[in-house]
Amino acid sequence: MDSRFDTPLGFVQQSSCLVWENSAMSECVSRDWRAEIVELVTVQQGLLALGDRSPWRVHFPRVAAGEREISAAEERLRVRLNPQFRSFLTFADGWPGFFQDFDLFGTSELSDDGVQARCAFEASLDESDFGNELGMDFDGLLFIGRSVLNGDVIVTGTRDGRQCLGVVWYAGGPIEQFDNFQTFFRYMIELNRREIRAIGG
């Protein structure tokens, strides 16, 4: 993680106590992600305005995934996706370069065993350490994003058949933990703003 972003933001969950799905949360959380998506697109226009001063390419989010694609990914994974992330996919089926070199995965990467295995390898995940730190089942980890250059991963998972509602930024250990996908996404919007300020001076 870039040292410019070491100071945590106020809405980041710093504890190791993640929230787990229960029977009352079993249905997909449906929400309208257009405001957050438009906000991030607008922020990233600032990177474009920096021209050659910015080392990062700006990408638009992919088109929405349909219920068929999402359900097929879940069937292959044998788990229901994180509810808020599942809802997000119905508005954008992934987002390459949504922060620096980070890609936010869509249904194709989620259900690609090669992509998931590469994430685990690049992050150097240790089964016992990861379980002890976050309480997730190692076999139930689901990588929903990765840094192309440095091996950081964005991960959620399961424990005893329950879906984790939280999201973890992991790079040899937990960098940041978030109560839910929306909090994670808003954090990444703010990091994009900080990146523009840092480059633009």
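Residues numbered from 1 in each chain as written. Predicted model: local features only at pLDDT ≥ 70, side-chain atom pairs only at ≥ 80, totals over all residues. Heavy atoms only, no water.

### Some remarks on the overall build of the protein chain
Applicable threshold: To qualify as a helix, a DSSP run of H or I must reach at least 4 residues; to qualify as a strand, a run of E must reach at least 2; elements of each kind are numbered from the N terminus. Any residue under 20% of the maximum accessible area for its type is buried, any over 50% is exposed, and the rest in between are partly exposed; the area is computed with a 1.4 Å probe on protein chains only. Residues count as neighbours in contact if any of their non-hydrogen atoms are within 4.5 Å of one another. In these tables, accessible area is a Shrake-Rupley quantity obtained with a 1.4 Å probe, and a residue counts as shielded only by the protein chains included in the view.
A tally of helices and strands in the protein chain yields seven helices and eight strands. Among the 201 residues that make up the protein chain, the fraction classed as buried is 47%. Long-range contacts, defined as pairs at least 24 residues apart, comprise 67% of the intrachain contacts of the protein chain with a sequence gap of at least 6. Just so you have it, the protein chain exposes about 9500 Å², and 49% of that area is on carbon and sulfur atoms.

### Some details on the confidence of the model for the protein chain
Condition: Confidence of the predictor at the level of single residues is given by pLDDT, which spans 0 to 100.
Residues with a pLDDT of 70 or more make up 76% of the protein chain, whose mean pLDDT is 81. Mean pLDDT across the secondary structure elements of the protein chain bottoms out at helix 6 (residues 127–134), with 58, and peaks at strand 2 (residues 102–104), with 96.

### A closer look at the pattern of salt bridges
Using the following cut-off: Just to be clear on terms, a salt bridge is a Lys or Arg side-chain nitrogen sitting within 4 Å of an Asp or Glu carboxyl oxygen.
Throughout the structure, instances matching the rule amount to 10 salt bridges. With its nearest N and O atoms 2.6 Å apart, the salt bridge here joins Glu-109 to Arg-62. Residue Glu-109 is found in helix 4 (residues 107–110), and its partner Arg-62 is found in the loop between helix 1 (34–49) and helix 2 (67–77); the two are separated by 47 residues along the sequence. Residue classification places Glu-109 among the buried positions, given a relative accessible area of 13%. Looking at Arg-62, the relative accessible area reads 32%, which means it is partly exposed. One salt bridge connects Glu-190 with Arg-193, and the closest N-O pair in it is separated by 3.7 Å. Here Glu-190 and its partner Arg-193 are both found in helix 7 (residues 181–200), three residues apart, which amounts to about one turn of the helix.

### Quick notes on the side chain of Gln-84
Rule in force here: Identification of polar contacts relies on pairs of N or O atoms within 3.5 Å, with a donor-acceptor requirement for protein atoms, meaning one able to donate a hydrogen and the other able to accept it, and with residues adjacent in sequence counted only if both atoms are side-chain atoms.
Position of Gln-84 among the secondary structure elements: in helix 3 (residues 83–89). Reaching out from Gln-84, the side chain makes a polar contact with the backbone nitrogen of Gln-182 at a distance of 2.7 Å.

### Thoughts on the sheet that holds strand 1 (residues 95–99)
Stated formally: In short, DSSP must find at least two bridges between two strands for them to pair. All axes here are fitted lines through C-alpha atoms, helices being fitted over the stretch that makes contact, and every angle between N-to-C directions spans 0 to 180 degrees.
An order of 1-2-3-4-7-8 is seen for the six strands of this open sheet, with the pairing classed as antiparallel. Pairing within the sheet leaves two strands with one partner each, and these edge strands are strand 1 and strand 8 (174–178). Between one strand and the next, the sheet's axes are offset by a mean angle of 30 degrees, whatever the strand orientation. The pairing of strand 1 with strand 2 spans two bridges and is antiparallel. Bridging from a neighbouring strand, Phe-99 pairs with Phe-102 of strand 2. The strands touched by helix 5 (residues 113–122) within the sheet are strand 3 (142–147) and strand 4 (153–156), with strand 3 carrying the most contacts at an inclination of about 65 degrees. Each of strand 1, strand 2, strand 3, strand 4, strand 7 (167–170) and strand 8 is contacted by helix 7, which is oriented at about 65 degrees to strand 1, the strand it contacts most.

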